[in-house]
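In case you want the letters, here they are:
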Amino acid sequence: PATSMEELVSLCKRRGFIFQGSEIYGGLQGFYDYGPLGVELKNNIKAAWWRTNVYERDDMEGLDASIIMHRMVLRHSGHEATFSDPMVDNKKNNKRYRLDHLVKDQKADVIARVAAAMGVDAENFPALIAALNADPAKASEALRAAGVRDAFSGEVGEWTEPKPFNMMFKTTIGPVADDESYGYLRPETAQGIFTNFKNVVDSTSRRLPFGIAQIGKAFRNEITPRNFIFRVRELEQMEIEFFCTPGTDEDWHAHWLEKRLSWWEAQGVPRSKIEILDVPKEDLAHYSKRTYDLMYDYPTLGHEEIEGIANRSDYDLGSHTKNQSELGLVARVEENSDSVAKLTIPHPETNKPVVPFVIEPSAGVDRAMLAVLSEAFTKETLENGNERIVLKLRPHLAPIKVAVIPLARNKPELVDLARTIKGELQGLGLGRVLLEDSGNIGKAYRRHDEVGTPYCVTVDFDTVGKGEDPGLTDTVTVRDRDTLAQERVKISELSSWIQAKLR
Ligand code: ATP
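Here the structure is a predicted model, which is why all the values come from computation and not from measurement.

Caption draft 1: Structural context of the packing of aromatic side chains. One pass over the full model with this rule turns up 14 aromatic pairs. Ring geometry for F194 versus F243: centroids 6.5 Å apart, planes at 75°, classification edge-to-face. Here F194, found in helix α9 (residues 190-195), pairs with F243, found in strand β11 (residues 234-244); they are 49 residues apart in sequence, far enough to count as distant. When its relative accessible area of 0% is taken as the criterion, F194 is described as buried. Every member of this aromatic cluster is reached through a ring pair, and the members are F194, F197, F210 and F243. For R71, the ring lying beneath its charged end belongs to Y182, and the centroid distance is 5.4 Å.

Caption draft 2: Examining the sheet that holds strand β5 (residues 84-90) more closely. Judged by pairing direction, the sheet is antiparallel, and its 3 strands sit side by side in the order β6-β5-β7 without closing on themselves. The open sheet has two free edges, formed respectively by β6 (95-98) and β7 (163-166), since each of these has just one partner strand. Across the sheet, the axes of successive neighbouring strands diverge by a mean angle of 50°, strand direction being ignored. As paired elements, β5 and β7 share 4 bridges and run antiparallel to each other. Its bridge partner being in β7, D85 is matched across the sheet by F165.

Caption draft 3: Looking closely at the site of the ligand. Lining the immediate environment of the ligand, one finds 15 residues, of which E222, R231, V232, E305 and I306 sit closest. Measuring from an oxygen atom of the ligand, one finds a side-chain N or O atom of R231 at 2.8 Å. In this structure, an oxygen atom belonging to the ligand sits 3.1 Å away from a side-chain N or O atom of R367. Relative to its unbound accessible area of 600 Å², the ligand is 81% covered by the protein chains. In terms of residue count, the dominant contributor to the shell around the ligand is strand β14 (residues 302-311) (4 residues). Taken together, the residues of the shell around the ligand sort by class into 5 nonpolar, 4 polar and 6 charged.

Caption draft 4: Summary view of the sheet that holds strand β3 (residues 60-63). With mixed pairing, the 7 strands of this open sheet are ordered in space as β3-β10-β11-β17-β14-β13-β12. Whereas interior strands pair on both sides, the edge strands pair on one side only; in this sheet they are β3 and β12 (274-278). Shown here is a sheet whose adjacent strand axes are inclined to one another by a mean of 25°, direction ignored. Bridge count between strand β13 (residues 290-298) and β14: 9 bridges; the pairing is antiparallel. Across the sheet, M295 pairs through a bridge with E305, a residue of β14. Contacting β3, β10 (210-219) and β11, helix α10 (residues 197-204) crosses the sheet at an angle of about 140° to β10.

Caption draft 5: Structural view of the pairing of strand β20 (residues 402-406). Along β20, 5 of the 5 residues are buried, which leaves the element largely enclosed by surrounding structure. Neither face of β20 is exposed, since V402, V404 and P406 on one face and A403 and I405 on the opposite face are all buried. The handedness of the β20 to strand β21 (residues 433-435) crossover, carried by helix α14 (residues 412-426), is right-handed. By the bridge criterion, 5 bridges tie β20 to strand β22 (residues 455-459) in an arrangement that is parallel. If you follow A403 over to β22, its bridge partner there is C456.

Caption draft 6: Inspection of the environment of P246 at higher detail. With respect to the helices, strands and loops of the structure, P246 is situated in the loop between β11 and α11 (249-266). Among all residues touching P246, those that are not within four sequence positions of it are V354, V355 and F357.

Caption draft 7: Region of interest: helix α1 (residues 5-15). What α1 keeps buried is the set M5, E7, L8, L11 and C12. Down the axis of α1, the sector holding all buried residues measures 165°, keeping them to one side. If you follow the buried residues of α1, they end up packed against β1 (18-20), α13 (365-376), β18 (377-381), β19 (387-391) and α15 (441-450). One or two steps after α1, the chain reaches G16, where phi turns positive at roughly 90°.

Caption draft 8: Expanded view of the packing of helix α2 (residues 36-55) against α11. Axis separation between α2 and α11 bottoms out at 11 Å; the angle between their running directions is 140°. Classified by the angle their axes make, α2 and α11 are oblique. The crossing of α2 and α11 is right-handed. For the pair α2 and α11, the contacting residues are I45, A48, W49, T52 and N53 in the first and W256, R260 and W263 in the second. Residues of the contact of α2 with α11, tallied by class, amount to 5 nonpolar, 2 polar and 1 charged.

Caption draft 9: Main features of the pattern of salt bridges. For the structure shown, the criterion picks out 36 salt bridges. E234 is the salt-bridge partner of K217, the closest N and O atoms lying 2.7 Å from each other. Linking K217 in strand β10 with E234 in strand β11, this pair joins segments that are 17 residues apart in sequence. In this structure E234 comes out as partly exposed when scored by relative accessible area, which is 28%.

Caption draft 10: Layout of the packing of helix α6 (residues 108-118) against helix α7 (residues 125-134). In contact at an axis separation of 10 Å, α6 and α7 are set at 60° when each is read in the N-to-C sense. Here α6 is positioned oblique relative to α7, judged by the angle of their axes. Crossing hand, α6 versus α7: left-handed. Counted together, I111, V114, A115 and M118 of α6 and F125, L128, A131 and L132 of α7 form the full contact between these two elements. Residues of the contact of α6 with α7, tallied by class, amount to 8 nonpolar, no polar and no charged.

Caption draft 11: Local environment of the environment of S181. With respect to the helices, strands and loops of the structure, S181 is situated in the loop between β8 (170-172) and β9 (182-185). For S181, a relative accessible area of 13% corresponds to the buried category. On a C-alpha basis, the gap between S181 and H70 in space is 9.4 Å, while along the polypeptide they are 111 residues apart. In this view, S181 contacts T171, T172, I173 and V176; residues no more than four positions away in its chain are not counted. Among the polar contacts made by the side chain of S181, one reaches the main-chain carbonyl oxygen of V176 at a distance of 2.8 Å.

Scoring rules and cut-offs
Residues numbered from 1 in each chain as written. Predicted model: local features only at pLDDT ≥ 70, side-chain atom pairs only at ≥ 80, totals over all residues. Heavy atoms only, no water. Phe/Tyr/Trp six-rings, centres within 6.5 Å; stacked < 30°, edge-to-face > 60°. Helix = DSSP H or I, 4+ residues; strand = E, 2+ residues; numbered from the N terminus. Buried < 20%, exposed > 50% of the residue type's maximum accessible area, 1.4 Å probe, protein only. Lys NZ or Arg CZ within 6 Å of the ring centre and 35° of its normal. Pairing = 2+ DSSP bridges. Axes fitted to C-alpha atoms, helices over the stretch in contact; angles between N-to-C directions. Near = heavy atom within 4 Å. Polar contact = N/O pair within 3.5 Å; in protein donor to acceptor, adjacent residues only side chain to side chain. Areas by Shrake-Rupley, 256 points an atom, 1.4 Å probe, with all protein chains shown as cover. Nonpolar A, V, L, I, M, F, W, Y, C, P; charged D, E, K, R; others polar. Contact = heavy atoms within 4.5 Å. Right-handed = clockwise from strand over helix to strand, strands pointing away. Arc of directions from axis to C-beta. Parallel < 35°, antiparallel > 145°, perpendicular 65-115°, else oblique. Left-handed = near helix turned anticlockwise from the far one by under 90°. Salt bridge = Lys/Arg side-chain N within 4 Å of Asp/Glu carboxyl O.

This is the structure we're talking about:
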């Protein structure tokens, strides 16, 4: 695995996985562009998630809802009121900071002093963050007294009192900008699932329990975007809302925790690198009955959230439904006189309308990319003493499945045959197959090691009957990324050989 974030950032830029957004104009903080290989890896991760969670189950439907949503959706979801982080401005350097980030960036002794001032155990970091967020005034005092760097480094009075900052991007809809003509870019994909609950039930005749899965962009105006693609302002999420009968929710929560850990494992992110944080009661959002945060051990950053799996009770559908008072809701919801839909479904036993409980596994695609790349990143010393970097990606995630390389770029018979073979392999539908005719076989191998291409197929003079061994006519060399073993394979058998290996 990678040992630092820097080596990942450098590989991603060098080989075309990830670039800074708007780079030629100086870059835009918190926005990244996925390059030729990044888009393939990202698509492969999303396809693997979709396959496991939609195709391989019998209780799931898919959805692709719009990104811009009615302001009422984000009002009744609670985001207008509470989707905010406490922020302080440093008047001296004109920068904004998030309170918890200020704390996270400090050394252990500083954190210990802050925790002591807040009356919280320094070992219980989530509790410390929650305490800081709950009482910003006391927090700022504690931070200053502990000598927290950066925003608090200056004299008293150089920074503002902490105030909540709403992270939603607001946008004008239509030609007239007035008080009612705005909407929001969704800050999570989940709300599109809740608002379509009735549509999906009516159009598919689903009964409890069942889930709706969605992958898509979400937008958060993070106060301090940082750590490469770990915290960005335009992100992508893979979310499931799994609807179940109240009372069965705890079992389903356990089910999803297990399913999600085994999915991560299948992507090359082992359980041993993921800590399960059973979020303490006092740190839970008020609507959450219980939440597991999966904390992956990122290089340089340490354990940080890669996915949250929450038991959200009947809060979401209860918040968006009409006739709330008749439905016996468990969650504390704000009154809703705007919704025109009753978001209930027949109880499987009594047939009476019930607002289901929701289990929500919510993973970030960008954070998945970072974890997958980090686990695959390998530095090896070869027998000849040379060092190589190789991305040991699971084949289903590899951006390029096979590179077909003519040994010489200026020999049409080699290049033409390589192109024909490329076309044939491409037709297998395994993903991208690349014709690599840069002319330097050593460089090609190094490049394909670094981008994780499982197999390189080389067309040489023996292949076309012009080498030293006529017995090798109509065969190619196949090189294995991980073992470096080279095998001669008949062209006529190449497709089935590759197919068997990449299945
Ligand atoms: P954090 O505490 O790190 O800000 P969160 O608890 O706000 O994350 P959720 O609202 O639970 O995150 O979002 C679900 C998932 O979406 C997270 O587990 C993460 O993978 C991803 N995610 C959230 N915010 C970002 C972001 N700014 N950049 C990249 N991914 C994100």
